Number of protein chains: 4
Amino acid sequence: MPPDDLEALRDALRAFARERDWEQFHSPKNLAMALAGEAGELLAVFQWLTEAESRALPAADLAAARDELADVLLYLVRLGDALGVDLATAARDKLAANAIRYPVAKARGTHRKYTEL
Amino acid sequence: MPPDDLEALRDALRAFARERDWEQFHSPKNLAMALAGEAGELLAVFQWLTEAESRALPAADLAAARDELADVLLYLVRLGDALGVDLATAARDKLAANAIRYPVAKARGTHRKYTEL
Amino acid sequence: MPPDDLEALRDALRAFARERDWEQFHSPKNLAMALAGEAGELLAVFQWLTEAESRALPAADLAAARDELADVLLYLVRLGDALGVDLATAARDKLAANAIRYPVAKARGTHRKYTEL
Amino acid sequence: MPPDDLEALRDALRAFARERDWEQFHSPKNLAMALAGEAGELLAVFQWLTEAESRALPAADLAAARDELADVLLYLVRLGDALGVDLATAARDKLAANAIRYPVAKARGTHRKYTEL
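Residues numbered from 1 in each chain as written. Chains lettered and ligands numbered in written order. Predicted model: local features only at pLDDT ≥ 70, side-chain atom pairs only at ≥ 80, totals over all residues. Heavy atoms only, no water.

1. Describing the pattern of salt bridges
1) Next: This structure, assessed with the given rule, holds 28 salt bridges over all chains.
2) Next: Put simply, Arg78 of chain A and Asp81 of chain A hold a salt bridge, and the shortest N to O gap is 3.7 Å. With Arg78 of chain A and Asp81 of chain A both in helix α4 (residues 59-83), this residue pair falls three residues apart, about one helical turn.
3) Next: A salt bridge links Arg14 of chain D to Asp81 of chain D, with the shortest nitrogen-to-oxygen separation between them at 2.7 Å. Highlighted residues: Arg14 of chain D in helix α1 (residues 5-19) and Asp81 of chain D in helix α4 (residues 59-83), separated in sequence by 67 residues. (Salt bridge = Lys/Arg side-chain N within 4 Å of Asp/Glu carboxyl O. Helix = DSSP H or I, 4+ residues; strand = E, 2+ residues; numbered from the N terminus.)

2. Focus on the interface of chain B and chain A
1) Next: If you look at the interface, chain B gives 71 residues, while chain A gives 72 residues.
2) Next: Both faces combined, the contact of chain B with chain A buries some 6,100 Å², and carbon together with sulfur accounts for 68% of it.
3) Next: Contact with chain A buries area across many residues of chain B, yet Lys29, Arg66 and Leu69 of chain B alone supply 10% of it, more than any other trio.
4) Next: Among the salt bridges present, the one from Lys94 of chain A reaches Asp67 of chain B, with a minimum N-O distance of 3.2 Å.
5) Next: Our count for the contact surface shared by chain B and chain A stands at 32 residue pairs in polar contact (both at pLDDT 80 or more).
6) Next: Listing elements by their share of the side of chain B that touches chain A, those giving two or more residues are α1 (5-19), α2 (28-46), α3 (51-54), α4 (59-83), α5 (87-101) and α6 (104-107) of chain B.
7) Next: Here the side of chain B that touches chain A is built from residues that sort into 41 nonpolar, 13 polar and 17 charged. (Contact = heavy atoms within 4.5 Å. Buried area = accessible area lost by both parts, 1.4 Å probe. Polar contact = N/O pair within 3.5 Å; in protein donor to acceptor, adjacent residues only side chain to side chain. Nonpolar A, V, L, I, M, F, W, Y, C, P; charged D, E, K, R; others polar.)

3. Let's talk about the packing of helix α2 (residues 28-46) of chain A against helix α2 (residues 28-46) of chain C
1) Next: Interaxial distance between α2 of chain A and α2 of chain C falls to 8 Å at its minimum, and their mutual angle equals 145 degrees. As for how α2 of chain A packs across α2 of chain C, the hand of that crossing is left-handed. On α2 of chain C, the residues touching Met33, Ala36, Gly37, Gly40, Leu43 and Phe46 of chain A of α2 of chain A are Met33, Ala36, Gly37, Gly40, Leu43 and Phe46 of chain C.
2) Next: Split by residue class, the contact of α2 of chain A with α2 of chain C holds eight nonpolar, four polar and no charged. (Axes fitted to C-alpha atoms, helices over the stretch in contact; angles between N-to-C directions. Left-handed = near helix turned anticlockwise from the far one by under 90°.)

4. Things to note about the relation of the copies chain B and chain A
1) Next: Superposing chain B onto chain A requires a rotation of 180 degrees together with a translation of 0.0 Å along the rotation axis, leaving an RMSD of 0.0 Å. Put plainly, the chains are arranged around a two-fold axis. For chain B, the residue whose C-alpha comes nearest the rotation axis is Asp4 of chain B, separated from it by 2.5 Å.
2) Next: Take the interface residues of chain B: 100% of them recur as interface residues in chain A, which is what a same-surface contact looks like. (Least-squares fit on C-alpha atoms with pLDDT ≥ 70 in both.)

5. Section: the interface of chain D and chain C
1) Next: Across the boundary between the two partners, chain D contributes 72 residues, which contact 72 residues of chain C.
2) Next: Carbon and sulfur atoms make up 68% of the area that chain D and chain C hide from each other, which totals about 6,100 Å².
3) Next: The largest share of the area that chain D buries against chain C comes from Lys29, Arg66 and Leu69 of chain D, three residues that together contribute 10% of it.
4) Next: At the junction of chain D with chain C, the criterion picks out six salt bridges.
5) Next: Among the ionic pairs, Asp93 of chain D bridges to Arg66 of chain C, the shortest N-O distance being 2.9 Å.
6) Next: If you look at where chain D meets chain C, you find 32 residue pairs in polar contact (both at pLDDT 80 or more).
7) Next: Elements supplying a minimum of two residues to the side of chain D that touches chain C: α1, α2 (28-46), α3 (51-54), α4, α5 (87-101) and α6 (104-107) of chain D.
8) Next: Residue contributions to the side of chain D that touches chain C peak at 14 residues, all from α4 of chain D.

6. Some thoughts on the nonpolar core
One broad trend across soluble globular proteins is that nonpolar side chains are buried collectively.
1) Next: Counting residues in hydrophobic clusters, the biggest one holds 159 residues, and the most contacted among them are Leu73 of chain A, Leu73 of chain B, Leu73 of chain C together with Leu73 of chain D.
2) Next: With residues up to four places along the chain from it excluded, the contact list for Leu73 of chain D reads Leu6, Leu73, Leu76, Leu87 and Ala91 of chain C together with Leu6 and Leu9 of chain D. (Core = buried A, V, L, I, M, F, W, Y, C linked by side-chain atoms within 4.5 Å. Buried < 20%, exposed > 50% of the residue type's maximum accessible area, 1.4 Å probe, protein only.)

7. Considering the relation of the copies chain D and chain C
1) Next: With an RMSD of 0.0 Å, the fit of chain D onto chain C corresponds to turning through 180 degrees and sliding 0.0 Å along the axis.
2) Next: By residue overlap, the copies meet face to face through one surface: 100% of the interface positions of chain D are interface positions in chain C.

8. Overview of the side chain of Thr110 of chain D
1) Next: Position of Thr110 of chain D relative to the elements: it lies in the segment after α6.
2) Next: By relative accessible area, which is 14% here, Thr110 of chain D ends up buried.

9. Some thoughts on α2 of chain C
1) Next: Over its 19 residues, α2 of chain C extends 28 Å from the first C-alpha to the last, a length consistent with the 27 Å expected when each residue adds 1.5 Å.
2) Next: Of all 19 residues that make up α2 of chain C, 17 are buried, and the element is covered over most of its length. (Expected span 1.5 Å × (residues − 1).)

10. With respect to α1 of chain D
Each turn of an α-helix holds 3.6 residues, which means side chains three or four residues apart point in the same direction.
Residue and element names in this part refer to chain D.
1) Next: Helix length check: α1, at 15 residues, gives a terminal C-alpha distance of 21 Å against a target of 21 Å (1.5 Å per residue), a fit within 8%.
2) Next: The complete set of buried residues in α1 reads Asp5, Leu6, Ala8, Leu9, Leu13, Phe16 and Ala17. Buried residues of α1 fall within an arc of 160 degrees about the axis and therefore sit on the same side.
3) Next: Taken from the residues just after α1, Asp21 is the one with a positive phi, measuring 55 degrees. (Arc of directions from axis to C-beta.)

Written out as structure tokens, the structure is:
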């Protein structure tokens, strides 16, 4: 895959959908549902594991998690494309906003929300 | 951001968490919950809209969706890092698997699952 | 099932878990994940259907949806029990709050959130 | 609320929606999205807590969880009504199926799925 992963994925998914005449199903509403559905399948991998177990997954669980992560990324990229959102830029912007919301001095070692720091 | 969006994001998030001593909270189990929670917030943007409305979002809804997409990507990249999964490769592998599961001739114009094609 | 569905379900699920020594897995955190995972499976039933199609499900899809609704209810009741929350009372309280947030005169025919009415 | 919680809730929600002319928004597809969105908000209450912490929630977190549980139940009941599914019967049927899938002798003390018992 070319250097720019996300743009390459976007183009590949765009072609994949066009070849199958799937644009008709790929409304942002439907893609958001598909993304959330895959996120739900990801939860199923971890729901009965302790946090410690989740940090050391057996091979079968890791393969299942990897597969779900891929599904989430594919729908995320497809949805970003459908909405005309540049995901890399959006993520960079959010990270910058989070750096302001969660200054190191205040956020260090706590999981409190920025509204409660 | 350097060409390789996902690796650059991974490194930025790794530093962001380390500076705040957040690795202790970032178990794969917890990150999967956070990712799914953001996917749920994404649903809230679209739940009462028609598909047609979702294809032409007003500026405020588009901004909200962009923000949630960014949150999903940030947690997805962080989770991939926590699990040692290369997201770009995983997505490429899944896309290749989908191309076999959904041959154009059979999948064209239908949303049936590959198990029912 | 006795008149009071929710209490009867709560007691049945409590016994089901105790007999299998599953209380150890049924932390509120884990049950919330399981509930959200089932809600994700519910999305999969509807994600590619139009709203009109979702109002007239084929038998197979209706059976799948019914099964997922049951799973969501079972985990919801189990989680309510784990937290000591009376679901019927909580729902009644929320409905009363919604009646105030969404007065008929203002909310009629719109899906706007109460904060935007 | 009368003995039969779920039927009473169903009727109250039916009237609530009719008075506000909300049936137009309450397609099963949309209600499934709303339910999953509330399940996502429930995750947010627990995502950074340990399992032990989730078993002993501070008052503010418990109130937040109770509120989300109520939202999930309201949408679940509304969706069951929209689909013509009797939730209590569906849950009872699922519990009976689970008793066969998870015999005490095999399922005791393990969180393995029935397909792997």
